[in-house]
Amino acid sequence: MRAVVYNGPRQVNVEQVPDARIERPTDVLVRITTTNICGSDLHMYEGRTDFETGRVLGHENLGEVVEVGQAVDRVRVGDVVCIPFNISCGFCANCEKGLTAFCLTTNPEPGMAGAAYGFADMGPYNGGQAELLRVPYGDFNCLVLPDDAKEKQADYVMLADIWPTGWHATQLACVQAGETVVIYGAGPVGLMAAYSATLKSASKVMVVDRHPDRLAKAEEIGAIAIDDSKSPPVDQVMELTKGLGADRGCECVGYQAHDPQGHEHPNMTLNNLVKSVKFTGTIGVVGVFIPSDPGSPDDLFKQGEIAFDYGMFWFKGQTIGNGQCNVKNYNRALMSLIHEGKARPSWVVSHELDLDDAPDGYEHFDRRDLGWTKVLIHPGELS
């Protein structure tokens, strides 16, 4: 099969690799028709993780079931499914609590919890930027889509990661109707957090970034664009909230946050959120942070440590929630919003490419070229 293979920093190629196949009776084999380039793929693409060369990328996947293992009971050949980026068993102590991002059985690395497709340090599994994908524990991990999947697959594929993750940011931040929300980062996840806050009837949603195309996308759903290259974002948030700060804040950037001058500061958005959110406010962090980053320009973060304004955080009585999204907690309900016409997350999509064009898509998306807000790849078509 053809697949997008990582061959080193900023080197991805479409290559012939062995076909994905059924390996265990609980597996499902999916022919991928839509798969996305995620912002977190760029950490691996840029060589900032220990992702092995020769691995297939891609954890936001949708396609048609072409084969099922003998123990698969619910999923059928011909079903169109969206696959959470979390690979989870469904029966361990964490999965039983809904903590499927921290499955205790699917990552063979001792002392690790949680697995994903084509992702550094999250198990040996290949990704879905390919013609075929093996889905372990297919009955549990496959979300079978409604009969409008073919015409809405650009919406439904968002259920694999970015929309549930954006929703998760608002859940961690405890967003309630009528509240003010500030979101740092207008990448796809930040835009999905803004979309989620809007759907939850937040009274004011502010999105901080400096890329004009991404800020324009935020404005399309009624969010207030804050360009941090114009003036300090904290000052802008405080002005918009009459000096009080936002009720809730979401961090959707992660450890490669840059200032307007292009310098990287892994602690920048976290500390700006402490300053931007009110006393007793709540912050949700879904931007990626990793245990260590030898390539960081920040000496502390080389060891996985951050200079966090904990004193001010404590003094303001704020609360913070963080971590990867447990996609299955949200994907079925969000699917219903798409099916019933209440939501259209594909509004973030800027480009849809053939599989052979994936390397160019990575290059444009990594450079944040104007207009490249979300990239979909189509290895095949739904029958």
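Residues numbered from 1 in each chain as written. Predicted model: local features only at pLDDT ≥ 70, side-chain atom pairs only at ≥ 80, totals over all residues. Heavy atoms only, no water.

Overview of the UniProt feature "domain: Alcohol dehydrogenase-like N-terminal" (unreviewed entry) in the protein chain
UniProt records the feature "domain: Alcohol dehydrogenase-like N-terminal" (unreviewed entry) at residues 25-138, using the numbering of this structure. As annotated, residues 25-138 comprises 9% helix and 23% strand, and the C-alpha atoms at either end are separated by 10 Å. (UniProt positions renumbered as here; feature names shortened; annotations may be inferred. Helix = DSSP H or I, 4+ residues; strand = E, 2+ residues; numbered from the N terminus.)

Points about the pattern of salt bridges
Tallied over the entire structure, the rule returns 21 salt bridges. We note a salt bridge from Glu46 to Arg10, for which the minimum N-O separation is 3.9 Å. Of this pair, Glu46 sits in the loop between α1 (41-45) and β4 (61-68) while Arg10 sits in the loop between β1 (2-6) and β2 (12-16), and the two are 36 residues apart along the sequence. For Glu46, a relative accessible area of 14% gives the class buried. The closest approach of N and O atoms between Arg368 and Glu46, which form a salt bridge, is 3.9 Å. Taken as a pair, Arg368 in the loop between α13 (358-366) and β15 (375-378) and Glu46 in the loop between α1 and β4 lie far apart in primary sequence, 322 residues in all. Taking the relative accessible area as the measure of exposure, Arg368 reaches 32% and is therefore partly exposed. (Salt bridge = Lys/Arg side-chain N within 4 Å of Asp/Glu carboxyl O. Buried < 20%, exposed > 50% of the residue type's maximum accessible area, 1.4 Å probe, protein only.)

Digging into a negative patch on the surface
A contiguous patch of negative charge on the surface is contributed by Asp354, Asp357, Asp360 and Glu381. Within the secondary structure, Glu381 sits in the segment after β15. (Patch = residues over 30% accessible without salt bridge, like charges linked within 9 Å, V, L, I, M, F, W, Y side chains within 5 Å. Areas by Shrake-Rupley, 256 points an atom, 1.4 Å probe, with all protein chains shown as cover. Lys, Arg positive; Asp, Glu negative; His and termini not counted. Charge placed at Lys NZ, Arg CZ, Asp CG, Glu CD.)

Description of the packing of helix α5 (residues 162-172) against helix α6 (residues 188-199)
Packing of α5 against α6 brings their axes to within 7 Å, and their N-to-C directions diverge by 60°. As summarised for this structure, α5 and α6 are arranged oblique, according to the angle between their axes. Between α5 and α6 the crossing geometry is right-handed. Mapping the contact onto sequence places Ile162, Trp163, Thr165, Gly166, Trp167, Ala169 and Thr170 in α5 and Pro188, Val189, Met192, Ala193, Tyr195, Ser196, Ala197 and Leu199 in α6. Classifying every residue of the contact of α5 with α6 gives 11 nonpolar, four polar and no charged. (Axes fitted to C-alpha atoms, helices over the stretch in contact; angles between N-to-C directions. Parallel < 35°, antiparallel > 145°, perpendicular 65-115°, else oblique. Left-handed = near helix turned anticlockwise from the far one by under 90°. Contact = heavy atoms within 4.5 Å. Nonpolar A, V, L, I, M, F, W, Y, C, P; charged D, E, K, R; others polar.)

A word on the nonpolar core
Core analysis: the biggest nonpolar cluster contains 73 residues, and Leu145, Leu159, Trp163 and Ile183 have the highest contact counts within it. Among the elements that line this core, the one with the most residues is α6, at seven residues. Beyond its immediate chain neighbours, meaning those up to four positions away, Trp163 contacts Met158, Met192, Tyr195, Ser196, Leu199, Leu334, Leu337, Ile338, Ala343 and Pro345. (Core = buried A, V, L, I, M, F, W, Y, C linked by side-chain atoms within 4.5 Å.)

Notes on unusual backbone geometry
If you check the backbone angles, Tyr137 has positive phi at about 45° while not being a glycine. In this structure, Tyr137 sits in the loop between β6 (132-135) and α3 (138-141). Residue class for Tyr137 comes out buried when judged on its relative accessible area of 16%. Residues other than glycine seldom take positive phi values, yet Ser201 does so here, at roughly 70°.

Digging into the packing of helix α8 (residues 233-240) against helix α9 (residues 268-276)
Taken N-terminus to C-terminus, the directions of α8 and α9 make an angle of 25°; their axes are 9 Å apart at the nearest point. Comparing the axis directions of α8 and α9 gives the class roughly parallel. Our pair here, α8 against α9, has a crossing hand that is right-handed. Residue-level contacts link Pro233, Val234, Val237 and Met238 of α8 to Asn272, Lys275 and Ser276 of α9. Broken down by class, the residue content of the contact of α8 with α9 amounts to four nonpolar, two polar and one charged.

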